[in-house]
Amino acid sequence: MSDDGVTVPRTGPVLGVFAHPDDAEIAAGGVLATWAATGREVHLLILTNGDRGSQDPAASREQLAATRRIETEAAADVLGLTTARVLSTHDGELENTSIVREAVTRRIREVRAETVVSVDPTAVFFENRYYNHSDHRTAGWIALDSCFPGSGNPHFFSEHLGEGLRTQDVYDVWLGWANDPNRTEPIDAASFRKKIDALGAHASQISEGIAYWDELLGKEARRLGEQVGAEFAEEFRVLDLS
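Since we're looking at a predicted model, the values are computed, not measured.

Trainee: Explanation requested: the pairing of strand β3 (residues 83-89) in the structure shown.
Mentor: The side chains of a regular strand alternate, residue by residue, between the two faces of the sheet. Bridging between strand β2 (residues 42-48) and β3 involves five bridges; their strand directions are parallel. The residue bridging Ile46 from the neighbouring strand is Val86, located in β3. For the crossover that starts at β2, traverses helix α2 (residues 61-79) and ends in the parallel β3, the hand is right-handed.

Trainee: Help me understand the sheet that holds β2, please; the structure alone is not making it clear to me.
Mentor: What holds strands together in a sheet is hydrogen bonding between their backbones, with the strands either parallel or antiparallel. Judged by pairing direction, the sheet is mixed, and its seven strands sit side by side in the order β3-β2-β1-β4-β7-β9-β8 without closing on themselves. Looking along the sheet, the strands with just one partner apiece sit at the ends: β3 and β8 (183-187). Neighbour-to-neighbour, the strand axes of the sheet open up by a mean angle of 25 degrees, direction not taken into account. The pairing of strand β1 (residues 14-18) with strand β4 (residues 115-119) spans three bridges and is classified as parallel. What sits directly across from Gly16, in β4, is Val117. With respect to the sheet, helix α1 (residues 23-37) is in contact with β1, β2, β4, β7 (172-176), β8 and β9 (232-240), its orientation differing from that of β9 by roughly 90 degrees. On top of the sheet, helix α4 (residues 134-151) reaches β1, β2, β4, β7 and β9; it is set at about 160 degrees to β4, its chief contact.

Trainee: What am I meant to see in unusual backbone geometry here?
Mentor: Note: most residues except glycine have negative phi, and most peptide bonds are trans. With omega at 5 degrees, the peptide bond leading from Phe148 into Pro149 counts as cis. Among the structural elements, Pro149 can be located in helix α4.

Trainee: Honestly, the packing of aromatic side chains in this entry has me stumped. Any pointers?
Mentor: Aromatic ring pairs are described here by two measures, namely the spacing of the ring centres and the angle between the planes. Taken as a whole, this structure holds five aromatic pairs when the rule is applied. Plain terms: the ring middles of Trp174 and Phe236 are 5.3 Å apart, the flat faces sit at 70 degrees to each other, and that makes the pair edge-to-face. Taken together, the residues Trp174 in strand β7 and Phe236 in strand β9 connect sequence positions 62 residues apart. The pair formed by Trp174 and Phe236 is uniform in burial state, with each residue classed as buried. An aromatic cluster is defined as three or more aromatic residues linked by ring pairs; in this entry it consists of Trp35, Trp174 and Phe236. Between Arg40 and the ring centre of Trp35, over which it is positioned, the NZ or CZ distance is 4.9 Å.

Trainee: Would you explain the nonpolar core in this entry?
Mentor: Soluble globular proteins tend to bury their nonpolar side chains together. Phe18, Leu32, Trp35 and Val117 are the most contacted members of the largest nonpolar core, which has 34 residues in total. Of all the secondary structure elements, the ones that give two or more residues to this core are β1, α1, β2, α2, β4, α6 (189-200), α7 (210-227) and β9. Counting residues per element, this core draws most heavily on α1, which supplies nine residues. The contacts of Trp35, once residues within four sequence positions are left out, are Val14, Arg40, Val42, Thr115, Val117 and Trp174.

Trainee: Any chance you could explain the environment of Gly53 here in plain terms?
Mentor: Within the secondary structure, Gly53 is located in the loop between β2 and α2. Remark: the alpha-carbon pair of Gly53 and Leu64, spanning 11 residues in sequence, is separated by 7.5 Å. Setting aside anything within four residues of it in sequence, one finds Gly53 in contact with Leu64, Arg68, Asp91, Ser204 and Gln205.

Trainee: Would you mind showing me how to read the packing of α6 against α7 here?
Mentor: To describe two helices that pack against each other, one gives the angle between their axes and the distance between the axes. Put simply, α6 and α7 touch, their axes get as near as 10 Å, and they point 145 degrees apart. At the point where α6 passes α7, the crossing takes the right-handed sense. Taking contact as the criterion, the partners of Phe192, Arg193, Lys195, Ile196, Leu199 and Gly200 in α6 are, on α7, Ile210, Trp213, Asp214, Leu217, Gly218 and Ala221. Grouping the constituent residues of the contact of α6 with α7 by class yields seven nonpolar, two polar and three charged.

Trainee: Got a minute to help me understand α4 in this structure?
Mentor: Three- or four-residue spacings in an α-helix give side chains the same orientation, since the helix completes a turn every 3.6 residues. Taking 1.5 Å of rise per residue, the 18 residues of α4 would be expected to cover 26 Å, and the 24 Å separating its terminal C-alpha atoms lies within 8% of that figure. All buried positions along α4 are accounted for by Asp135, His136, Thr138, Ala139, Gly140, Ile142, Ala143, Leu144, Ser146, Cys147, Gly150 and Ser151.

What counts, and where the lines are drawn
Residues numbered from 1 in each chain as written. Predicted model: local features only at pLDDT ≥ 70, side-chain atom pairs only at ≥ 80, totals over all residues. Heavy atoms only, no water. Pairing = 2+ DSSP bridges. Helix = DSSP H or I, 4+ residues; strand = E, 2+ residues; numbered from the N terminus. Right-handed = clockwise from strand over helix to strand, strands pointing away. Axes fitted to C-alpha atoms, helices over the stretch in contact; angles between N-to-C directions. Contact = heavy atoms within 4.5 Å. Phe/Tyr/Trp six-rings, centres within 6.5 Å; stacked < 30°, edge-to-face > 60°. Buried < 20%, exposed > 50% of the residue type's maximum accessible area, 1.4 Å probe, protein only. Lys NZ or Arg CZ within 6 Å of the ring centre and 35° of its normal. Core = buried A, V, L, I, M, F, W, Y, C linked by side-chain atoms within 4.5 Å. Left-handed = near helix turned anticlockwise from the far one by under 90°. Nonpolar A, V, L, I, M, F, W, Y, C, P; charged D, E, K, R; others polar. Expected span 1.5 Å × (residues − 1).

Structure below.
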C-alpha cells in the first residue's frame, strides 16, 4: 500500500507451500505463472513426497515418490518457477511439527519471500460432496505458523541466524481453496494455459486425462473471470500482514 492509499502490486519473491506435488497447479497455478511471467521470483516447497498417490496396491511407493518429484520439477518449468523442492514426509502423514515448520521457515528466509501462497486450513467441508484432505489443511496451518510468528522473529529457529540467514517478514499470504475468499485475481489466457499444461506434467495423477481438468478448471476460472471482467481468474483468501 502506498502513502496515498493506492494498492501497489508486490514485486518481491514468492514462496508456494503446498502438501502434494500437484496441489499448487490446481489451487494457484494461474497466479503463480502470472507472477513468474512479470519477473517475480516464484519458489515452490512441497511438504510431502506424494508416495501414496496411487490406487494400485502393487505400486512401489518409492518409485512413485521419485516419479512425482520429476513431475513436480517438470511442472515448475512450465509455470516458470525459479525453484521447486519436495520434502521427504510420507503422503498422508503431514503434521504441524517444529521440524516441518523449521524447514518452511528456513525456505522463507533463504528465498527472502515477501508473499506466501498456500491453502486455507479452515476449509474443511465443500458443500456435501467432499471434505478436505488432512494434508491440505495441515499444510495451510504450517504455512501460516511459519510466516507468523516464525520467519520474522529471531527467536524462532535462531540457529538459522548463526548460519548467516536473516529473519524475513512475510507481507501477504494468499490462501487457495477458501470457503470465504476475499480476492478474485484475474489471469490471462497464457497463464491459464500454463496452469493446465503444468497440471498435465503430473501424468501419474491424471488418469481422467488432461482434457477433463481443462474443462473442469476452465469452467470455474471463466466463471470467476466474469466477476472481475477478465477471461479467467482464481480466488483466494488474502491476508495483508504488512
